[in-house]
Amino acid sequence: MKLNELSKEISYALRHAPHEYELELDEEGFVLIDQLLHAINEGGNYDRTVTKADLEEIIRTSEKKRHEIVGDKIRALYGHSVPQFIKKEEGVPPKVLYHGTTKEALGSIKKNGLVPMQRQYVHLSVDREMADSVARRKKKDIAILQVDTEAAQKNGIKFYVGNDKVWLADNIPSKYIGVGFFGPTPTDCHIIQLDDYPTSAYAGVWTVEEFIKKFPDKYKKV
Ligand code: HQG
């Protein structure tokens, strides 16, 4: 059984295309496991019948907790792009959350803040490492952003629980966002407020290395 493929198909069905599987998500994004299994098995993409135990194994062994089973139901914990609004539980996140993106997007993020784009929420990570791997999916020059959630919350921005490592949010204005230059240790980092970050750096006129060279005392290479 190709569990990785199955996991991707489940994410596709539960985040983006439940209608293709004749599934209806409830307001928290749950569907009956039996209905999901029926639809997946009708597709006949796997070498044997997919069972609830396979779904449980995906959740247990995956490096990211993408799905959740509660009783006889399953849902995707984040990532939704379905037109139907999926309600997430509001919560108080860690004071700082990270977002991995591309340098190319910085100009637009500076102007419009972080916005959900094709998804229902902005996705944030609890640690830099995860933000880094999220950014590297895009296969471009990356930028790691740091969100001051405390200041944002004080001004009415809401955060929602995804899983233990992923938080969700509505739009986050750029005044709460910093661009991070991170070194190998937690103290070896410097954040520049996105609004102060020179356009020449993300436009590629300066590479990050050049930028760091210009400010050797303050910035260290990752
Ligand atoms: C960018 C994966 C221009 C944003 C990951 C991102 C994550 C803007 C892209 C989860 C912007 C959207 C979600 C603005 C945001 N202007 N670009 N104003 N605001 N963006 O894939 O966060 O492995 O929809 O920076 O690990 O990359 O599938 O979101 O680059 O947790 O489980 O618009 O998906 O999880 O891209 O990834 P995405 P994301 P899974």
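Note that the coordinates shown come from a computational prediction; the quantities given were computed from them, not determined experimentally.

**Here's the deal with the layout of surface pockets**
Here comes step 1: For the largest pocket, the calculated volume is near 1000 Å³.
Here comes step 2: Surrounding the largest pocket, 40 residues form its lining, R119, H123, V134, R137 and K138 being those nearest its centre.
Here comes step 3: At the level of secondary structure, the elements contributing two or more residues to the lining of the largest pocket comprise helix 1 (3-16), helix 3 (52-61), strand 4 (96-102), helix 4 (106-112), strand 5 (122-125) and helix 5 (128-136).
Here comes step 4: Broken down by element, the residue count for the lining of the largest pocket peaks at six residues, all from helix 1.

**What to know about helix 5**
Owing to its 3.6 residues per turn, the α-helix aligns residues three or four sequence positions apart on the same side.
Here comes step 1: Those residues of helix 5 not exposed but buried are R128, M130, A131, V134 and A135. Along the long axis of helix 5, the arc covered by the buried residues comes to 160°, so they all point the same way.

**As for the site of the ligand**
Here comes step 1: The ligand sits among 19 residues. The nearest are K64, R66, H99, T101 and S108.
Here comes step 2: In this structure, an oxygen atom belonging to the ligand sits 2.6 Å away from a side-chain N or O atom of H99.
Here comes step 3: The side chain of R137 places a nitrogen or oxygen atom 3.0 Å from an oxygen atom of the ligand.
Here comes step 4: Compared with its free state, where it exposes 790 Å², the ligand has 87% of that area covered by protein.

**Section: the pairing of strand 8 (residues 166-169)**
Here comes step 1: Burial of the side chains of strand 8 extends over both faces: V166 and L168 are buried on one face and W167 and A169 on the other.
Here comes step 2: Pairing geometry for strand 7 (residues 159-161) and strand 8, over three bridges, is antiparallel. Along strand 8, the bridge assignment pairs F159 with A169.
Here comes step 3: Counted between consecutive antiparallel strands, the loop separating strand 7 from strand 8 contains four residues.

Definitions and limits used
- Residues numbered from 1 in each chain as written.
- Predicted model: local features only at pLDDT ≥ 70, side-chain atom pairs only at ≥ 80, totals over all residues.
- Heavy atoms only, no water.
- 1 Å grid on protein atoms, 1.4 Å probe; cavity = no way out; pocket = protein on both sides within 12 Å on 5 of 7 lines; lining within 4 Å.
- Points joined across faces, edges and corners; volume = space filled by probe spheres on them.
- Helix = DSSP H or I, 4+ residues; strand = E, 2+ residues; numbered from the N terminus.
- Buried < 20%, exposed > 50% of the residue type's maximum accessible area, 1.4 Å probe, protein only.
- Arc of directions from axis to C-beta.
- Near = heavy atom within 4 Å.
- Polar contact = N/O pair within 3.5 Å; in protein donor to acceptor, adjacent residues only side chain to side chain.
- Areas by Shrake-Rupley, 256 points an atom, 1.4 Å probe, with all protein chains shown as cover.
- Pairing = 2+ DSSP bridges.

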